Amino acid sequence: MKEPISVTSPLLPDLNEYNQFLQDIWSRKWITNNGHYHQELEKQLSEYLDVPYLSLFTNGTLPLITALQALGITDGEVITTPYSFVATTHSIWWNGLKPVFVDVDSDTGNIDPNKIEAAITDKTVAIMPVHVYGCPCDVERIDAIAKKHNLKVIYDAAHAFGVTYKRKSILEWGDLSTLSFHATKVYNTIEGGAMVMHSPEMKYDVDNLKNFGFRGETTVVAPGINSKMDEMRAAYGILNLKQVDWAIEQRKHVATRYVEALKDVKGIKLFPYIIEQVNLQSVDNIQFNWNFAYFPILITEDFGMTRDELYEHMKSQGVMGRRYFYPLISDFNPYSQYESAKLNNLPEAIKLAKQVICLPMHPYLSEKDVKHVLDSIVK
C-alpha cells in the first residue's frame, strides 16, 4: 500500500457546499455566540436523534464536565468505568469529585451492573457509565440501581450517535447524556459535542453554564465556562448530517466483511453483539440498532502471537489499528492510587485492555483497503 490505512478518517462535507455556507457566515458577520447555524444545527440534531432538548458544545469533554455542574454535584464519589477514553474520568476530577472504578462486562466492554451496588457508599452521588463502542449499557438495570440509591446518572454517549434501544434513542436514558462530535466519530463537526437533557429548564441552565454562567447581559448565576460551538463548525455539522446515514451504511458494509472473514479464526474473538448487528435483516423486534462506530477484535492466547505483536505486524503492513482502550484509565498516574483501581477489582477490564485492537473503520474504506487489512491479520 502506498499510503497507510488509518484507523479512522473524518466524514467530510462537500467543499463547494461548505464554501457557500462560509460565504453566508461572512456576510452575516456573526461567527459565534448562538448564531444562525448554531441554532439550526441544534434543531436538526434534536430532530435526527429524536430527543426533545439538546445543547451544542465546542468539544465532547466540556459537556461531561458541565453535566455534573448542571446537576449540582459538587462533592462525593462518582462510579464509572476504567474502560473508556480518559476524558470520562477527567470530567469527574475537574469537578473535585472522586472516581470509583467498577469492572466491565466481557461481552460488551460496558460497566457491569452486577458490580455497581457493591461500589456504592454513603459518599456516592452519581454513576457515569459509557456506551462503549456505541453498544448501549444495560440502562434498565442501571436506572433501577440509581433510583434505589437516589443517584444521578450521566451517560457518556460519545460513541453512541444515532444508536437506538428498543426503537427509542439511547439518549433518553439517564438524567443527562453527552455526545462527542470529534473528527474520529461517526458524525463530526471537526471538534464538537452536545448534551441531551429532558426539560426546557435544564437546557436553559446548561446554555447559561456554557456561556460563562451569564443569565442576561449583566447577571452571572454560576461559575460557568466558555464552551459554545462557533458558526463554522455548526455549518459543517449541518452538511455532515445530510450524509451520516450513508456513512453508517458504509461502515456496516465494512463490518460485514470483517465479520465474515474473522468470526471463525482461531484466537480472534468478536463481541457477540457485533455479529448479531451484522446479521440483522430488519429493525423489527431488535434490542438495539447500532451505528458501527468501531470494530474491536480481541486477540486470545490461541492466535499464535500476542496482541502487541499483531499490532506491530499490522503497522509494518501499513495498517494502523488502535489499542482502544489501552491502557485502562485506572492505570494512569492521576488515578492509579485509588483503591478501586487495584488489579483484583478490574479483572475483565484488564483482560480486554490486553487483548483489544480496533481495526480501521470509516466510510471511505475500499474493498482493496478491507482486503489489505484482513490480509495483515490472517493470510
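Residues numbered from 1 in each chain as written. Predicted model: local features only at pLDDT ≥ 70, side-chain atom pairs only at ≥ 80, totals over all residues. Heavy atoms only, no water.

Student: Where do I start with the sheet that holds strand S7 (residues 168-169) in this structure?
Tutor: The sheet built from three strands is open, its strands ordered S7-S6-S11 with antiparallel pairing. The open sheet has two free edges, formed respectively by S7 and strand S11 (288-289), since each of these has just one partner strand. Where strand S6 (residues 164-165) and S11 come together, two bridges link them in antiparallel fashion. Within S11, the position partnered with Thr-164 by the bridge is Asn-289. (Pairing = 2+ DSSP bridges. Helix = DSSP H or I, 4+ residues; strand = E, 2+ residues; numbered from the N terminus.)

Student: Honestly, the packing of helix H1 (residues 15-28) against helix H8 (residues 231-241) in this entry has me stumped. Any pointers?
Tutor: Between two packed helices, both the angle of their axes relative to each other and the distance between the axes serve to describe the pair. Closest axis-to-axis distance for the H1/H8 pair is 10 Å, and the angle between their directions is 145°. The interaxial crossing formed by H1 with H8 has right-handed handedness. Residues Glu-17, Tyr-18, Phe-21, Leu-22, Ile-25 and Trp-26 of H1 form the contact with H8, whose participating residues are Glu-231, Met-232, Arg-233, Ala-235, Tyr-236, Ile-238 and Leu-239. Classifying every residue of the contact of H1 with H8 by side-chain character gives 10 nonpolar, no polar and three charged. (Axes fitted to C-alpha atoms, helices over the stretch in contact; angles between N-to-C directions. Left-handed = near helix turned anticlockwise from the far one by under 90°. Contact = heavy atoms within 4.5 Å. Nonpolar A, V, L, I, M, F, W, Y, C, P; charged D, E, K, R; others polar.)

Student: Would you take a moment to explain the pattern of salt bridges for this structure?
Tutor: Where charged atoms from two side chains of opposite charge approach closely, those side chains can pair. The tally for this structure, following the rule as stated, stands at 20 salt bridges. The closest approach of N and O atoms between Asp-143 and Lys-147, which form a salt bridge, is 3.2 Å. Of the two residues, Asp-143 and Lys-147 are both situated in helix H6 (residues 139-149); the distance of four residues between them amounts to about one turn of the helix. In this structure, the salt-bridge partner of Arg-307 is Asp-308, at a minimum N-O distance of 2.7 Å. Through salt bridges with shared partners, a single network forms among Glu-42, Lys-203, Asp-207 and Lys-210. (Salt bridge = Lys/Arg side-chain N within 4 Å of Asp/Glu carboxyl O.)

Student: Mind showing me how you'd approach the packing of aromatic side chains here?
Tutor: For any pair of aromatic rings, geometry is given as the distance between the ring centres together with the angle between the planes. Counted by the stated rule, this structure contains 23 aromatic pairs. Each ring, one from Tyr-83 and one from Phe-325, has its centre 5.1 Å from the other, and the planes form 80°; the classification is edge-to-face. Pair noted here: Tyr-83 is in the loop between strand S2 (77-80) and helix H4 (87-94) and Phe-325 is in the loop between helix H11 (307-316) and helix H12 (347-355), with a separation of 242 residues, a long-range link. Between Tyr-324 and Phe-325 the ring centres are 4.0 Å apart and the planes differ by 35°, which places this aromatic pair in the tilted class. Of the two residues examined, Tyr-324 and Phe-325, each falls in the buried class. One aromatic cluster in this structure is built from Tyr-83, Tyr-133, Phe-271, Tyr-273, Phe-288, Trp-290, Phe-292, Tyr-294, Tyr-324 and Phe-325. One Lys or Arg, Lys-210, reaches over the ring of Phe-57 and ends 5.5 Å from the middle of that ring. Geometry around Tyr-326 places Arg-307 over its ring, the cationic atom sitting 4.6 Å from the centre. (Phe/Tyr/Trp six-rings, centres within 6.5 Å; stacked < 30°, edge-to-face > 60°. Buried < 20%, exposed > 50% of the residue type's maximum accessible area, 1.4 Å probe, protein only. Lys NZ or Arg CZ within 6 Å of the ring centre and 35° of its normal.)

Student: Looking at this structure, how should I read the environment of Asp-205?
Tutor: One can find Asp-205 in helix H7 (residues 200-209). Along the backbone, Asp-205 and Val-265 are 60 residues apart, and their C-alpha atoms lie at a distance of 52 Å.

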